[in-house]
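Report on the structure
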Amino acid sequence: MTRLRSEFRSILRAGLIVFGIGVANYSCLCSAGEKAAQGAPLLKIRIGAGGRTFATEDGKPFVPFGVNYYRPGTGWAPQLWKKFDAEATRKDFARMKQLGVNCVRVFLTYGSFFMESDSLEAEGLAKFDQLLRIAEEAGIYIHPTGPDHWEGLPPWARGDRIADERVLQALENFWKLFAQRYRGRSVIFAYDLLNEPQVAWDTPAMRAKWNRYLETRYGSAEKTAQAWRVKPDDIRWGNQPPPGAQDSPDDRQLLDYQHFREELADQWTRRQATAIKSADPQALVTVGLIQWSVPAVLPGVRQYAAFRPERQAKLLDFMEVHFYPLAAGFYDYTRPEDEDRNLAYLESVVREVAATGKPVVLAEFGWYGGGKLSVDRGAHPAATEEQQARWCRRVVETTEGMATGWLNWGFYDHPEARDCSQLSGLLTADGKPKAWAREFQTLARSLAGKPIAPARLGPRPTLDWDRAIASPKASQQFREAYLRAFKAESAKRD
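Not measured: the values here are computed from a predicted model.

Now for the overall build of the chain. Within the chain one finds 16 helices and 11 strands. Since a compact globule built from 494 residues should have a radius of gyration of about 23 Å, the 22 Å found for the chain is in line with a globular shape. Counting across all 494 residues of the chain, residues that qualify as buried make up 60%. In the chain, the proportion of contacts linking residues at least 24 apart, taken out of those at least 6 apart, comes to 79%. Surface accessibility of the chain: about 18900 Å² in total, with carbon and sulfur atoms responsible for 47%.

Structure representation (structure tokens):
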């Protein structure tokens with residue numbers, strides 16, 4: 001557990017980014033893409049019949065299959081807009097189309113789009129307009145992610161971006177302005193509110209809201225004390241601090257605090273989704289959940305992101321989650337048993353998100369291959385392109401039917417990165433196709449226009465959610481039970 005805790009912290013600091021692209025000719029993948037390639041506009045993407053897949057507006061199945069896009073040579077974090085190169089981007093989109101990409105996720109930034117809380121930056125919008133035209137020419141959908149820190153933050157956005165009222169009001173302004181400007185542009189697949197949001201543990205904005213939450217929930221210090229099984233004198237009514245962050249599965253105060261954090265996440269999502277819909281009622285809205293939004297791996301209770309899928313699903317058109325193989329620390333391909341351990345962990349996360357009944361896109365996934373990483377002082381062994389390709393293919397195969405869309409992290413390897421993005425691309429940094437690019441193309445062909453049937457899994461343990469968010473030990477016990485069930489079913493198939 002010590003190693004996992006260390007890796008978890010390093011990944012939190014680095015922001016976890018993964019993967020790239022390039023390869024040979026490939027025909028258009030779906031009717032929407034074919035029509036765009038012939039000069040007709042892309043068809044609007046909607047939620048499909050039955051509510052768990054996507055379809056074009058004329059009713060044909062659509063499977064988002066693509067990449068997260070940033071270019072090498074743009075620094076780290078990538079300066080996608082500050083160093084925007086329209087001609088290079090046009091060439092990249094042509095290569096992506098050849099590989100079977102039909103959807104590209106891009107990060108909007110405060111630095112290029114939203115330095116003032118009541119207006120958008122004209123220069124950033126002009127570059128985004130160029131990107132949309134390039135995407136339309138290629139027949140590829142764009143999936144913009146809400147403003148993030150990659151190109152700098154304005155002073156007013158440097159605090160708590162989940163609970164601070166000033167930031168929330170600014171984000172409502174951003175989405176009203178942005179969604180109104182691009183209302184009806186069918187090239188936009190959907191809006192992702194933010195990359196991997198996480199509710200903090202304790203900030204001034206949270207402290208005030210925590211005490212209001214207790215007042216609404218219990219009404220008095222006496223009732224609070226009774227619920228928490230403590231003396232009334234132990235309650236600092238109106239100024240109650242957060243609880244300790246120890247492993248405490250039976251601590252009612254800790255569970256209340258985790259539920260309070262979930263409520264903050266709900267408010268944050270609700271307000272932004274409402275702002276978008278007020279400007280463009282037909283726009284699809286989601287949020288890219290970090291994998292510890294599902295508490296199957298938690299080094300500590302503070303690391304629970306508090307964006308609980310079953311609550312968030314009520315506010316969103318579809319679900320997104322990100323995943324990297326961290327079940328037993330940093331996956332390095334050296335132990336065969338770690339592949340099953342990570343695939344079981346993957347399945348448990350995506351299964352929980354799919355239980356909401358909404359479509360699920362695995363909007364970041366992948367791992368490194370084709371060399372040796374320099375991160376963690378070069379501690380991780382080199383990996384081949386074939387190892388990377390196998391892992392990524394197995395991610396898609398394991399989640400198909402629970403997920404109905406996949407976006408690889410990155411298009412190119414990115415040597416400037418400070419994480420596994422150094423070698424996570426479909427293409428090398430100089431544009432040579434990797435083994436994963438060829439595998440990606442094959443998968444894209446097999447998924448194109450395909451109605452994806454629901455996955456049929458054998459018996460799996462049930463995640464006791466409330467116990468897990470108060471006890472990392474309970475999370476670990478669930479994960480081990482899930483691994484046993486996963487391997488038992490695999491053995492039957494073999």
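Structure's up, so let's keep going.
For the rest of this paragraph, the subject is the sheet that holds strand β2 (residues 54–56). As summarised here, the arrangement of the 3 strands in space is β1-β2-β3, forming an open sheet in which the pairing is antiparallel. Edge strands, defined here as strands with exactly one partner in the open sheet, are β1 (45–47) and β3 (61–62). Two elements, β1 and β2, share 3 bridges in a ladder whose sense is antiparallel. In the sheet register, Ile47 faces β2, and the bridge partner there is Phe54.

Evaluation of the coordinates by the stated rule reveals 1 cavity of 30 Å³ or more. Looking at the largest cavity, its volume works out to about 60 Å³. Lining the largest cavity, in full, are Tyr110, Gly146, Pro147, Arg161, Leu171, Leu193, Leu194, Trp268 and Gln272. Residue assignment for the lining of the largest cavity shows that the elements contributing at least two residues are β6 (141–148), β7 (191–195) and α9 (252–279). Taken together, the residues that form the lining of the largest cavity break down as 6 nonpolar, 2 polar and 1 charged.

Attention shifts here to the environment of Tyr324. Locating Tyr324 in the fold gives a position in the loop between β9 (319–322) and α11 (336–354). In the structure, Tyr324 is positioned 79 residues away from Ala403 in sequence and 15 Å away in space, judged by C-alpha atoms.

Before going further, it helps to spend a moment on the side chain of His143. Counting through the fold element by element, His143 comes out in strand β6. At a separation of 2.8 Å, a polar atom in the side chain of His143 contacts the main-chain carbonyl oxygen of Ala190. Engagement of the side chain of His143 in a polar contact is seen with the side chain of Glu320, the distance being 2.6 Å. Ignoring sequence-local partners within four residues, the contact set of His143 consists of Cys103, Val104, Arg105, Val106, Phe189, Ala190, Tyr191, Asp192, Thr286, Glu320 and Leu407.

A few words on the pattern of salt bridges. Enumeration over the complete set of coordinates arrives at 34 salt bridges. The partner of Arg308 in a salt bridge is Glu310, with the nearest N and O atoms 3.2 Å apart. Judged by its relative accessible area of 10%, Arg308 falls in the buried class. The residue Glu480 makes a salt bridge to Arg341 at a minimum N-O spacing of 2.8 Å. Residue Glu480 is located in helix α16 (residues 472–493), and its partner Arg341 is located in helix α11; the two are separated by 139 residues in the primary sequence. Residue Glu480 is classed as partly exposed on the basis of its relative accessible area, which comes to 26%. Residues joined by salt bridges that share partners form a network here, namely Glu262, Glu263, Asp266, Arg308, Glu310, Arg311 and Asp466.

One can find Arg308 in the loop between β8 (285–289) and α10 (309–312). Only 3.3 Å separates the side chain of Arg308 from the side chain of Glu262, close enough to count as a polar contact. Excluding residues within four positions of it along the chain, Arg308 makes contact with His259, Glu262, Trp465 and Asp466.

In this section: the packing of α11 against α16. One way to put it is that α11 packs onto α16 with a least axis distance of 9 Å and a crossing angle of 105 degrees. Here α11 lies roughly perpendicular to α16, going by the angle between them. Together, Asp340, Arg341, Leu343, Ala344, Glu347, Ser348 and Arg351 of α11 and Phe478, Glu480, Tyr482, Leu483, Phe486 and Lys487 of α16 make up the contact between the two elements. Looking at side-chain class alone, the contact of α11 with α16 contains 6 nonpolar, 1 polar and 6 charged residues.

Here the focus is the pairing of β7. Among the 5 residues that make up β7, 5 are buried, leaving the element largely enclosed by the rest of the structure. Across 3 bridges, the pairing between β7 and β8 is parallel. What sits directly across from Asp192, in β8, is Thr286.

So, about the packing of helix α7 (residues 204–218) against helix α8 (residues 221–228). In contact at an axis separation of 9 Å, α7 and α8 are set at 90 degrees when each is read in the N-to-C sense. In terms of their interaxial angle, α7 and α8 are classed as roughly perpendicular. On α8, the residues touching Trp210, Leu214 and Tyr218 of α7 are Lys223, Thr224, Ala227 and Trp228. Grouping the amino acids of the contact of α7 with α8 by side-chain chemistry returns 5 nonpolar, 1 polar and 1 charged.

Ranked by internal contacts, the top residues of the largest apolar core, which has 162 residues, are Phe93, Val104, Phe128, Ile142, Phe178, Trp367 and Trp406. By residue number, the principal contributor to this core is α9, which donates 11 residues. Not counting residues within four places of it along the chain, the set of residues in contact with Phe128 comprises Trp81, Val106, Leu108, Phe113, Ile142, Pro144, Phe178, Tyr182 and Ile188.

Our focus in this paragraph is the pairing of β8. Within β8, 5 of the 5 residues are buried, which leaves the element mostly enclosed by the surrounding structure. Going residue by residue along β8, you find Val285, Val287 and Leu289 tucked away on one face and Thr286 and Gly288 tucked away on the opposite face as well. Note: β8 against β9, 2 bridges, orientation parallel. For Leu289, the partnering residue across the bridge sits in β9 and is Val321.

The periodicity of an α-helix, 3.6 residues per turn, causes residues three or four positions apart to be oriented the same way. Helix length check: helix α3 (residues 86–99) (14 residues) gives 20 Å between terminal C-alpha atoms against 20 Å at 1.5 Å per residue, within 8%. Here α3 has its buried residues at Ala86, Ala88, Thr89, Asp92, Phe93, Met96, Lys97 and Leu99. The opening residue of α3, the one whose side-chain oxygen lies 3.2 Å from the backbone nitrogen of Glu87, is Asp85. In the stretch just after α3, Gly100 is the one whose phi turns positive, near 105 degrees.

Quick notes on the rules
Residues numbered from 1 in each chain as written. Predicted model: local features only at pLDDT ≥ 70, side-chain atom pairs only at ≥ 80, totals over all residues. Heavy atoms only, no water. Helix = DSSP H or I, 4+ residues; strand = E, 2+ residues; numbered from the N terminus. Rg over C-alpha atoms; globule rule 2.2 N^0.38 Å. Buried < 20%, exposed > 50% of the residue type's maximum accessible area, 1.4 Å probe, protein only. Contact = heavy atoms within 4.5 Å. Areas by Shrake-Rupley, 256 points an atom, 1.4 Å probe, with all protein chains shown as cover. Pairing = 2+ DSSP bridges. 1 Å grid on protein atoms, 1.4 Å probe; cavity = no way out; pocket = protein on both sides within 12 Å on 5 of 7 lines; lining within 4 Å. Points joined across faces, edges and corners; volume = space filled by probe spheres on them. Nonpolar A, V, L, I, M, F, W, Y, C, P; charged D, E, K, R; others polar. Polar contact = N/O pair within 3.5 Å; in protein donor to acceptor, adjacent residues only side chain to side chain. Salt bridge = Lys/Arg side-chain N within 4 Å of Asp/Glu carboxyl O. Axes fitted to C-alpha atoms, helices over the stretch in contact; angles between N-to-C directions. Parallel < 35°, antiparallel > 145°, perpendicular 65-115°, else oblique. Core = buried A, V, L, I, M, F, W, Y, C linked by side-chain atoms within 4.5 Å. Expected span 1.5 Å × (residues − 1).

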